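Next come the chains, spelled out residue by residue.
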Amino acid sequence: MTRPWSIVGLLGVALIWSPIPARAQATSASDRYATDVNDAEAAALRGNRADAEIRARRIASLYEQQGARSSAEHSSAGRAYLLLSNGNAGAVRSALSAFDRAVAADSGNLDPQRRIGFLFLEKYNAPEARASFELVLRRAGSDADALLGLAQVEEFEGKDSALSTARRALTAAPASPRILSYVARLHLDAEAFDSANTLAERAIRADSTHLDAWAVLGASAWLNGDSSTFARALRAARAVQPRPAVFYTALAEAAVRQRRYADAVRLAGEAVQLDSGYAHALGVLGTNQLRLGDMAGGRASVERAFALDPFNLWHKNTLDLLDKMRTFRTIRQGRFEVVAPADDAELLALYIVPLLERAYDSLSVRYNYRAPTPVRLEFFRQHADFSVRTVGLLGLGALGVSFGSVLAMDTPNARDRGSFNWGSTAWHELTHAFTLGASAHRVPRWLSEGLSVLEERRANIGWGARTTLPWMLAYRAGRVQKASTLNDGFMRPRYPEETSFSYYQASLFCEWVEVSKGAQALPAMLTAYRDGADTPTAMQRVLGLSMAQVDAQFDAWLKRRFAVELASLAGPGGADSTGGAFALTMRAGLEMLEAKPDSARAVLERARRMFPSYAGDDGPAWYLARVALQVRDTSLALTMLEQVTGRDETAFNANKLEAELRERRGDLAGASAALERMLWIWPYSTGDHEALALIAARSGDHARAIRERRAIIALRPPDLPEARLELARALAAGGDVAAARREVLSLLEEAPSFEAAQALLLELRKRGGLR
């Protein structure tokens, strides 16, 4: 099903509806529609859509019959058409046309030009919105409303400049409730609750009827358990809008940002009950129903929202994706449902279900919590589809996401080989289902991410974030967040790499807690959050430390743990980023790698001792392995390769080389382990599956051999009958003669003259496979 587009391109900013303030609404005496359109907008703000539409329809009718005598009248007519636009794409076009005529009638009247910008912004056209606001700013460089609009465009585009642009708007109009409320909401999104509250209160002092401000204040209070302030905000919202659907929708969106998806469904549902025609509430409801796995209910809600707002990019993308997902295959096994493109489902389920069953057992013991089952894991072959499933838009950089018992992630082939480890990603996301659930979805993001990375490292050799040179340099330079401010690294990163550094830093914090306070401390912290504690309270209750003490002790532990590495990176200044003696030594070793391998070996070994925790396939261990192979020192090569593959979950080439060397030496167990690690990086090579199947068969590991034979069939090799014959042989070797016979009989139905299959069938009959 293709959903047509009829206007203005694409953007999407979730905006609480609020009319442009009175300063920009000033009209001349010749504007016959001004009073009526103001009254109509006031009715809409009160939630009385019927009254607003009656008034707006009357203005539109007069405008269509009598036209306009001034730019202001064209602009007022455009405002009236916007009030008629719920479920009416034609009214949107009429509004745009009226605003265009207003500009043509008086190019010095900036009000309609601003309104064009906000119309494009509301209807998801970022470039046109930006162009409109910039046109205003070229004429009036400090126009507050145009700066506000520009900030909202930048926010949607994911630019860090949104807050600074909004602050410019606030400087231009420091008492504007609209701008104050917007900046407050940005702080709320970033979990800077004190700043959000202060700005919202300023907006309320400027205009006690400003619904956006009450919504921010109410959301902040609700998130922090401040029942008194929440009740005050709700009373005020009801005084403005007796059926405050906008207020409850804002609460639902705040719940989403805290990953409280069930609360979001409940709150958005209340908003829909208050106003069944509020498209934004329906969209929030449907999106979060989908996040909880209610696919039918979520689709119905999003369809209703899209019918009311056919320009909404989120809803269009989501419905298109749901159409595509109808072609996906669902495999239900144990406590899991795997939903994936039909060509991927069988292959991926072979590996991911046993892995996640193991993860479920491990995590339920560690956190004394059992995530609701079945856990649904959705795979997307195109990263754009995963991005839409997650946030409704393209461009999300993550690999996976957890909504609780609904997980979503890229298939391994959604990215280049070696880009990520799909096994550790799935384990990471399932961990969130446990830590979110154990804390009633109240654990802060930084700690939840830290726990997930820590659990990756526990799961398998080499998995999870490890020590890198950029992280170590950032830590040495004081650019990595302290424990007390780690959430800022996720919510308000100061530089592009800070979020990835914060994942690793948070996992180290979790390690430190376990080392210093025992294995039960981390689950106890989740319990404290579940019971309503904030982070300082949770730290004091579980660790017996103030935040200042936590920062000091954690930092001291890091300095002890990485003392050797930090010393090797020392340069002329504290903030030196050249890598110190380690970088110089590495450079010297690489320069003599080809011409003087013996000398290079000694230098690189010195570099390895300088940075013993180095992770990655560009460090001393990898190059030492290459040198060892040059001089045929297989033992050293394997020792160095172990260090690479044991610290880098995406080291495909290093694992492949290790598997080959170990098989040559007769180390079948080691070769099998290396091949297994390769499959969690890239499971699409028939040759790798064949190699593992043969090694498993030689080792007597029949279950693994059978799995690999099934994987080869799932990859649809050119000689499919031969692959099925090999599966039958593996089943027979594993003792399941009946299953082997069934496979052969099925094969012979499709290829009755396949002599090798006929011979195997006779052999199986002799072994007693006939029933």
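Everything in this summary refers to the structure shown in the same document. The shown structure was predicted, so the numbers you read here are calculated from the model rather than taken from an experiment.

Some points on the layout of surface pockets
Of the voids in this model, the second largest pocket is the one considered here, and its volume is about 830 Å³. For the lining of the second largest pocket, the elements supplying multiple residues, two or more each, are helix H11 (193–206), helix H12 (211–223), helix H24 (486–491) and helix H27 (535–543). Among the elements that take part in the lining of the second largest pocket, H24 stands out by supplying 4 residues, more than any other.

Overview of the sheet that holds strand S5 (residues 406–410)
Sheet architecture is open: 5 strands sit in the order S1-S2-S3-S5-S4, paired in mixed fashion. For this open sheet the edge positions go to strand S1 (329–333) and strand S4 (400–402), each flanked by a neighbour on one side alone. Between one strand axis and the next, the sheet turns by 15° as a mean value, whatever way the strands run. Across 4 bridges, strand S2 (residues 336–340) lies against strand S3 (residues 375–380) in parallel orientation.

Looking at empty space enclosed by the protein
Enumeration according to the criterion identifies 2 cavities of 30 Å³ or more in this entry. Roughly 70 Å³ of internal volume is contained in the largest cavity. Forming the boundary of the largest cavity are Arg608, Phe611, Pro612, Tyr614, Gly616, Gly619, Pro620, Ala621, Gln643, Val644 and Arg647. When the residues that make up the lining of the largest cavity are grouped by side-chain class, the tally is 6 nonpolar, 3 polar and 2 charged. Approximately 30 Å³ is the volume found for the second largest cavity. What lines the second largest cavity is Asn421, Ile461, Trp463, Thr645, Asp648, Glu649, Asn655, Arg677 and Ile681. When its residues are assigned to classes, the lining of the second largest cavity shows 3 nonpolar, 3 polar and 3 charged.

Side note on the packing of aromatic side chains
Following the criterion strictly, the structure yields 31 aromatic pairs and no others. Look at Tyr33 and Tyr63: their rings are 6.4 Å apart centre to centre, the planes differ by 85°, and that puts the pair in the edge-to-face class. Placement of Tyr33 in the loop between helix H1 (22–25) and helix H2 (34–45) and of Tyr63 in helix H3 (residues 49–66) is noted, with a sequence separation of 30 residues between them. The residues Tyr33 and Tyr63 share a single accessibility class, namely buried. Aromatic pair Tyr261 and Phe403: ring centres 5.2 Å apart, planes at 90°, arrangement edge-to-face. Taken together, the residues span a long stretch of sequence, with Tyr261 in helix H15 (residues 261–274) and Phe403 in the loop between S4 and S5 at a distance of 142 residues.

Brief notes about the side chain of Arg457
If you trace the backbone, Arg457 turns up in helix H22 (residues 445–459). In terms of polar contacts, Arg457 uses its side chain to reach the side chain of Ser507, at 3.0 Å. When near neighbours in sequence (up to four residues on either side) are disregarded, Arg457 contacts Trp463, Gly464, Ala465, Arg466, Tyr504, Ser507, Leu508 and Glu511.

Digging into unusual backbone geometry
Most peptide bonds take the trans form, and the phi angle of most residues other than glycine is negative. Along the chain, Thr373 connects to Pro374 via a cis peptide bond; the corresponding omega equals 0°. Structurally, the position occupied by Pro374 is in the loop between helix H19 (342–367) and S3. The phi angle at His441 is positive, at roughly 60°, despite the residue not being glycine. Within the secondary structure, His441 is located in the loop between helix H21 (422–438) and H22. The backbone of Arg716 sits at a positive phi, close to 55°, despite the residue not being glycine. Mapping Arg716 onto the fold places it in the loop between helix H37 (702–714) and helix H38 (720–733).

Conventions and cut-offs
Residues numbered from 1 in each chain as written. Predicted model: local features only at pLDDT ≥ 70, side-chain atom pairs only at ≥ 80, totals over all residues. Heavy atoms only, no water. 1 Å grid on protein atoms, 1.4 Å probe; cavity = no way out; pocket = protein on both sides within 12 Å on 5 of 7 lines; lining within 4 Å. Points joined across faces, edges and corners; volume = space filled by probe spheres on them. Helix = DSSP H or I, 4+ residues; strand = E, 2+ residues; numbered from the N terminus. Pairing = 2+ DSSP bridges. Axes fitted to C-alpha atoms, helices over the stretch in contact; angles between N-to-C directions. Nonpolar A, V, L, I, M, F, W, Y, C, P; charged D, E, K, R; others polar. Phe/Tyr/Trp six-rings, centres within 6.5 Å; stacked < 30°, edge-to-face > 60°. Buried < 20%, exposed > 50% of the residue type's maximum accessible area, 1.4 Å probe, protein only. Polar contact = N/O pair within 3.5 Å; in protein donor to acceptor, adjacent residues only side chain to side chain. Contact = heavy atoms within 4.5 Å.

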